[in-house]
Amino acid sequence: MKVLKFGGTSVGSSKNINRVINILDAYSKDSNVVCVVSAVGGITDKLLLAGQQAQNKDEAFKDTFDIIKNSHFSIIKELNPNGNSSILSFVEERLEALKSLLEGIYLINELSPKTSDKLVSFGELLSSFIIAETMKNRGLSAERKNSQELVVTNSNFTKAEVYFKDTNKNIIDYFKSAAQKITILPGFVANSANGEQTTLGRGGSDFSAAIVAAALHVKQLEIWTDVSGMFTTNPKLVKQAYPIETISYQEAMELSHFGAKVLYPPTVQPVLDLDIPIHIKNTMDPEAVGTIISKDANGSSSPVKGISNISNIALLTLQGTGMVGIPGFSRRLFETLSNEKINVILITQASSEHSICLGIEEKDVEIAKTAIDITFENEIELHKIDPIIVETNLSIIALVGENMKNHQGISGKMFSTLGKNNINIRAIAQGASEKNISAVIDETDVKKALNTLHEAFFETMTKQLNVFITGVGNVGEKLVEQIHQQKKYLKENLKINLRVAGLSNSRTMIFGESGIALKNWKEQLANGEKASLEGFFEKAKALNLRNSIFVDVTANKDIAGLYAKYLRESIAVVACNKIACSSEFNNYKELKRLSLKYNAPYLFETNVGAGLPIIDTLNNLIASGDKVTSIQAVLSGSLNYVFNNFNDTTKFYDVVKQAGAEGYTEPDPRIDLSGVDVARKILILARESGVAMNLEDIENTPFLSPSGLKSDSVDDFYDTLIADEAHYQSLYASAKANNCQLKYVAKFDDGKASVSLQEIPEGHPFSNLEGSDNIVMFYTQRYSQQPMIIKGAGAGADVTASGLFADIIRLGND
C-alpha cells in the first residue's frame, strides 16, 4: 500500500489534475494506492472570503460564489469533455448546498467556527469527487471514500483533535475490504464523535495523509507539491538554491518553522512517531529526486542543511534596571502574550537580566504592546522598566543542521559573513542543541542575507561579485571587454562569479539584478534610462546585492565625492580617479576610516601606475614592518611618451597631439603637462607611506612656457605649443648637450615631495625608459643601498583597465 498526498497547486487546474491521474495510474500498477487531495488551489481562501462577505452583509459573496462555481465547472468540462453530466449534476447539487449555507450566514449575520468548518469542507469534498469520477470515466480502478466517515475528532471546530483509536480502527477496517486499486480521500475534513463536520486546521490535508499512513503502517508517506523537495534556501530569492536529498525530521521541522512552506510540522507527527519516512515530490516534475525526511540525519556532510527565514516580524524589547535579580518578569510577560493568543517565535535574554527580546508576527504588535504596557503599568510608572520598545519591518533568518553542534565556528562564520555585507543583526537566538542559529535582521536585507549565507555554506567556494561601473569610455570599455572575456576563467579557476550589475556613462545608465548581458551591452546602454550620479548610487543601494563593488573609471570630481556614501553602504570602491585620494588629507583619512568601519575595501592601485603593482607593493612593505625613507619615480606614462618622442626633428605640438590620439593624455593635456597629475601620484604614495601631506605641500616646478601655463582653454593651450616651440626645443637642446634625457621626475624624501622635469644622465635607471613606461624606486630601511624597483607600462587603456580588473579580482580573493 502507498499513501500519497497532493496539495492545492497539484490539483489547481485540469492540466495539473491530469498529471496527478498519470502518477496515480503508474503507481497503481505495482501497488494499491491511497491518495489524499486538497481543495482546488485557491478555493479554500475563496470559501472563507465568501463566508466573511456574507457575515458582513456584503452581497459580493454572490460574486465570490460564482467564481468558485465556474472554477469547478471549468475543470470538470476540461477533464471530461466526452461525458461529464453525472459529475456536473452532483457538483451542482453540492454547490447549491454551499449557496444556501452562504445565504444563511448572510441572513443571520454570523459565521461561527462550527459553520466555518462546514463551509470550508466543500473544497476538499468537491475536488476529491471530481478526481475520482474522472479516473473512473477513464477506466481506472478508483473510488472516493469520504474521510469524514473515517477520521473521528472532538468538537473543537477549525482545529479538531483526532481520536486516534477510533480513527485507526475505521481506516484499517475499510481498507481490509476495499477492492479498488486507487482510493481518493478528501484531506482536511473529518467528523466529530457526535457526527458534526470538523476540520483539522492548518496543514490539515498533510495531517489526513499522515493519519492514514500511520494507521496502515506504510513504508513511506509521499507528499506531492509544486517544488522538488525542501531546498537549501528559498529558490525564489536565491537562484543557486537546490533540493536537499535527505534530511532528518528535526531539521525538516526547524526549516518548516522558519518559513519553508513545504511541510507543517505538527501535522506529520503520526508518521514521526512510527519512524515512517516522508518523501517530498514535485507534481510538475515527477522524475525529480525530491527530499526524503527520515529519523536519522544523513546525506550531505555539510553541518548546515538549510537556511530559512520568516518575514513580517516585530521585535519587542522589555528592559530596565528594575528587572535585574527580580524573579517573575519573564513569567508575567509570557502569560500576558499567551492570554492574548500571541505566538512567540523567538526569545533572547541578556545574561545581565536587564532585557528580554521577543520576536512575534507584525500583525500582533499593537495588541501585544497594549497588553504588556498594562501588565507592567506600575513598574513603568516607577521607572523600574521602560515602556515596551517595538521594532518592525524585520525578518528572522536561521541556519539549520543537526551536525552544527559538532563543528566549531559555524555561528562565527554566519555573523562575519553577514557583517561583511553590512547586514545589521538586531537579535540572536541559539538553543543548547545547536540545531538552529537564528538572527533578526532588517526585512530589506533578507535577499542579500540568504544569498550571502548560501554562498558561504553551500556553494563550492564560489564568491559572487556584483560590480557597478561608471565611465565606460576608453578605459571603461576595455574593462568591460576584459570582464566579458575572463568571466568563465574566473569562475572555473578562481571560483569568482563576476557579474556587471550596473553600467553608466554621462548620458544613460542600465542595471541588471542578475547581471547585464555583456554581449550587447553598448546597445542596452544606448537605450538605458537617463544617467545621474545620485540615481546610480541609489539604484546600487536599492539592489542591495552581496559583495557589491563601485568602479569609478572617470576623472570626475563629483563622482569622487560620492565614495563615502558607497562605503557607508558597505559597497567597495575601486577607482582610477585620483581626485579622492589626492584631495584634502582629512577627506583621504575619512575614506580610509569608512572603509575599515563598514568593511568595504577602497582600492586605487591604478591611481599611480595604471596596471603596475606599485601601491600594493608599498602596502606590503609597510605591513611587514619596513619603513620608506625615499621614493624616486617617473610616474607619468603620458609625459614619458612625450619626451621619448620629442627631439630636434619633431615639433612639441605634434608629439603632444599624437599622445592624445593614442590615449596617453587626458582630453585636456594640461592636466598631464602641468605636472599636477604626477604631483597627485607622489602625494598618494607619500600618504600611503604614512605621511600627512596635501597637494599644496608638493613643490611643482613647471616646464611649460608662461603662456602655456596661463592658457584659458585646450585650444588656446595647443596654440601656445606652436608659438612657443623654441622654448621646448631649448629644453631638449640643453639635455642633449649634457648627454642626458628629459624625464619628469617625482621625489619624496625626508617628508618632502617635489615634481619637475630633469635631465637624466646615461646609466641612470630612469634613462632607458621607453614609450610610456613608468618606474618607481623605493628606498626603505631594508632596501637602503639597492632600491626596490617596479617598472613597466604606466599608461594606456588596456593596462589601466587591467589594473582596475586586478583590484576587482583582489576583492574576490579576500
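Worth saying up front: this structure is predicted, and the values here are computed from it rather than measured. Numbers given to residues run from 1 along each chain, matching the order in which its sequence is written. Restriction of local features to residues with pLDDT of at least 70 applies here, the model being predicted, together with a cutoff of 80 or more for giving and counting side-chain atom pairs; totals for whole chains, interfaces and linings are based on all residues. Hydrogens and waters are ignored; side-chain quantities use all the structure's heavy atoms.

1. Quick look at the overall build of the protein chain
Numbering of helices and strands runs from the N terminus, with a helix taken as a DSSP run of H or I at least four residues long and a strand as a DSSP run of E at least two residues long. Within the protein chain one finds 30 helices and 30 strands. It is over C-alpha atoms that the radius of gyration is taken, and the globule rule equals 2.2 Å times the number of residues to the power 0.38. Its C-alpha atoms give the protein chain a radius of gyration of 37 Å, more than 25% over the compact-globule value 28 Å for 814 residues. Viewed in the frame of its principal axes, the protein chain has a C-alpha envelope of about 115 × 75 × 50 Å. Burial statistics for the protein chain: of 814 residues in total, 54% are counted as buried. Long-range contacts, defined here as pairs at least 24 residues apart, represent 72% of the contacts in the protein chain between residues at least 6 apart. Methods summary: accessible areas were calculated by the Shrake-Rupley approach with a probe of 1.4 Å, and residue burial reflects only the protein chains presented. Entry remark: accessible area of the protein chain is about 35,300 Å², with carbon and sulfur atoms responsible for 48%. Taken as two groups, the 81 positive and 95 negative side-chain charges of the protein chain have centres that lie 4 Å from each other. Summary of the burial criterion: residues with accessible area below 20% of their type's maximum are buried, those above 50% are exposed, and those between are partly exposed, where the area comes from a 1.4 Å probe applied to protein chains only. Working rule for contacts: check all heavy atoms of both residues, and any pair within 4.5 Å makes them a contact. His residues and chain termini do not enter the charge count, which takes Lys and Arg as positive and Asp and Glu as negative. To locate a charge, the coordinates of NZ of Lys, CZ of Arg, CG of Asp or CD of Glu are taken.

2. So, helix α14 (residues 446-457)
A rise of 1.5 Å per residue sets the reference length of α14, with its 12 residues, at 16 Å; its end C-alpha atoms lie 16 Å apart and thus fit the reference within 8%. Among the 12 residues of α14, 10 are classified as buried, and the element is accordingly described as predominantly covered. Buried residues belonging to α14 abut β12 (306-319), β15 (389-400), α13 (410-420), β17 (436-442) and β18 (463-470). Expected helix span is given by 1.5 Å per residue-to-residue step, counting one fewer step than there are residues.

3. Some details on the pairing of β15
Strand pairing is assigned whenever DSSP identifies at least 2 bridges connecting the two strands. When β12 meets β15, the two strands line up antiparallel, connected through nine bridges. Within the sheet, the bridge partner assigned to Leu315 lies in β15 and is Glu391.

4. Topic: the packing of aromatic side chains
Only Phe, Tyr and Trp rings are paired, with Trp represented by its six-membered ring, and only when their centres lie within 6.5 Å; those with planes under 30 degrees apart are stacked, over 60 edge-to-face, the remainder tilted. Taken as a whole and assessed by the stated rule, the structure comprises 26 aromatic pairs. Where Tyr27 meets Trp224, the ring centres are 6.3 Å apart and the plane angle is 75°; that geometry is what we call edge-to-face. Here Tyr27 is found in helix α1 (residues 14-28), whereas its partner Trp224 is found in strand β8 (residues 221-225), with 197 residues between them in sequence. There is no split in this pair, since Tyr27 and Trp224 are both buried. Residue placement shows Arg332 over the ring face of Phe329; its charged tip is 5.9 Å from the ring centre. Two conditions define a charge sitting above a ring: the NZ of Lys or the CZ of Arg must be within 6 Å of the ring centre, and it must be within 35 degrees of the ring normal. The ring of Tyr718 has Lys657 sitting right over it, with the charged end atom 4.2 Å from the ring centre.

5. Regarding the sheet that holds strand β14 (residues 355-361)
Strands sit in the order β13-β14-β12-β15-β17-β16 across an open sheet of six strands; the sheet is antiparallel. The sheet terminates laterally at β13 (344-349) and β16 (425-430), the two strands that pair on one side only. Taking each pair of neighbouring strands and ignoring which way they run, the sheet shows an average axis angle of 30°. Two elements, β12 and β14, share seven bridges in a ladder whose sense is antiparallel. The residue of β14 that forms the bridge with Gln319 is Ser355. Fitted lines through C-alpha atoms give the axes, limited to the stretch in contact for helices. The angle between two N-to-C directions lies from 0 to 180 degrees. Its contacts with the sheet place helix α11 (residues 365-375) against β12, β14 and β15, and it is angled at close to 30° to β12. Along the sheet face, α14 touches β12, β15 and β17 and points at about 125° away from the line of β12.

6. Quick look at the pairing of β8
When you tally the buried positions in β8, you get five out of five residues, the bulk of the element. As defined by bridge partners, strand β1 (residues 2-6) adjoins β8 across four bridges and the pair is classed as parallel. Of the residues in β8, the one forming a bridge with Leu4 is Glu222. Bridge count for β8 against strand β10 (residues 278-282) is five bridges, and the pairing is parallel.

7. Re the environment of Ala575
Residue position: Ala575 is located in strand β23 (residues 572-575). Considering only alpha carbons, one finds Ala575 and Gly7, 568 residues apart in sequence, at a separation of 53 Å. Residue contacts for Ala575: discarding those within four places in its chain leaves Asp552, Tyr563, Leu603, Phe604, Thr606, Asn607 and Leu804.

8. Some points on helix α23 (residues 637-645)
The element α23 is extensively covered by neighbouring structure, given that seven of its nine residues are classed as buried. Among the residues making up α23, those that are buried are Gly637, Ser638, Leu639, Asn640, Tyr641, Val642 and Phe643.

9. Things to note about the packing of helix α4 (residues 85-108) against helix α5 (residues 113-137)
Direction vectors running N to C along α4 and α5 enclose 175°, while the axes themselves pass 10 Å from each other. Comparing the axis directions of α4 and α5 gives the class roughly antiparallel. Contacts between α4 and α5 involve Ile87, Phe90, Val91, Arg94, Leu95, Ala97, Leu98, Leu101, Leu102 and Ile105 from the former and Thr115, Lys118, Leu119, Phe122, Leu126, Phe129, Ile130, Glu133, Thr134 and Asn137 from the latter. Three classes are used, and their members are as follows: Ala, Val, Leu, Ile, Met, Phe, Trp, Tyr, Cys and Pro are nonpolar, Asp, Glu, Lys and Arg are charged, and the others, Gly among them, are polar. The residue inventory of the contact of α4 with α5, partitioned by class, reads 14 nonpolar, three polar and three charged. With respect to orientation, any angle under 35 degrees is reported as roughly parallel, any angle over 145 as roughly antiparallel, any angle of 65 to 115 as roughly perpendicular, and every other angle as oblique.

10. Topic: the side chain of Gln729
Looking at the secondary structure, you find Gln729 in helix α29 (residues 725-737). We define a polar contact as two N or O atoms separated by no more than 3.5 Å, with the added condition that, inside protein, one atom must be a possible hydrogen donor and the other a possible acceptor, whereas residues neighbouring each other in sequence contribute only through side-chain atom pairs. Side chain to side chain, Gln729 and Glu725 meet in a polar contact 2.8 Å long. The contacts of Gln729, once residues within four sequence positions are left out, are Phe646, Asn647, Asp648 and Thr650.

11. Quick word on the nonpolar core
What we call a nonpolar core is a set of buried Ala, Val, Leu, Ile, Met, Phe, Trp, Tyr and Cys residues that are connected through their side-chain atoms within 4.5 Å. Judged by nonpolar contacts, the single largest core of 80 residues is most densely connected at Tyr563, Phe652, Ile682 and Phe703. Those residues in contact with Ile682 that sit more than four places away from it in its chain are Ile631, Leu635, Ile698, Ala746, Lys747, Phe748, Ala753 and Val755.

12. A short note on the sheet that holds strand β25 (residues 628-634)
Consider a sheet: its strands pair through backbone hydrogen bonds, and that pairing is either parallel or antiparallel. The strand order across the open sheet formed by six strands is β26-β28-β27-β25-β29-β30, and the pairing between neighbours is mixed. Bordering the open sheet on either side are β26 (699-701) and β30 (788-793), each of which pairs with just one other strand. This sheet shows a mean twist of 20° between the axes of neighbouring strands, independent of strand direction. Here strand β27 (residues 740-749) runs beside strand β28 (residues 752-761); their pairing, made up of 10 bridges, is antiparallel. Considered in β28, the bridge of Leu742 is made with Glu759. Packing against the sheet, helix α22 (residues 614-623) makes contact with β25, β29 (773-780) and β30, and its axis sits at approximately 10° to β29.

13. A short note on the pattern of salt bridges
By salt bridge we mean one thing: a side-chain nitrogen of Lys or Arg within 4 Å of a carboxyl oxygen of Asp or Glu. Scanning the entire structure with this criterion turns up 30 salt bridges. A salt bridge links Glu590 to Arg568, with the nearest nitrogen and oxygen atoms 3.9 Å apart. Pair noted here: Glu590 is in helix α20 (residues 585-597) and Arg568 is in helix α19 (residues 563-568), with a separation of 22 residues, a long-range link. With a relative accessible area of 25%, Glu590 lands in the partly exposed category.

14. Details of a negative patch on the surface
Patch rule: a residue counts if its relative accessible area is over 30% and it has no salt bridge; like charges are joined within 9 Å, and nonpolar side chains (Val, Leu, Ile, Met, Phe, Trp, Tyr) within 5 Å. On the surface, Asp712, Asp715, Asp716 and Asp719 cluster together into a negatively charged patch. Structurally, Asp712 can be placed in the loop between α27 (706-710) and α28 (714-723).

15. Topic: the packing of helix α3 (residues 61-79) against α4
Where α3 meets α4, the axes come as close as 11 Å, and the angle between the chain directions of the two elements is 170°. What the angle tells us is that α3 and α4 run roughly antiparallel. Here the hand of the crossing between α3 and α4 comes out right-handed. Touching Phe61, Phe65, Ile68, Lys69, His72, Phe73, Ile76 and Lys77 of α3 are Ile87, Leu88, Val91, Glu92, Leu95, Leu98, Lys99, Leu102, Glu103 and Tyr106, all from α4. Class assignment of the residues belonging to the contact of α3 with α4 gives a composition of 12 nonpolar, one polar and five charged. Each crossing is labelled by how the near helix is turned from the far one, with a counterclockwise turn of less than a right angle marking it left-handed and a clockwise turn marking it right-handed.

16. Focus on the environment of Arg680
Here Arg680 is to be found in helix α26 (residues 676-688). By relative accessible area, which is 22% here, Arg680 ends up partly exposed. Taking the C-alpha atoms as reference points, Arg680 and Thr800, 120 residues apart in sequence, are found 17 Å from one another. Arg680 has contacts with Lys578, Ile579, Ser582 and Leu695, leaving out every residue within four places of it along the chain.

Function cannot be inferred from these measures alone, as they are strictly geometric.
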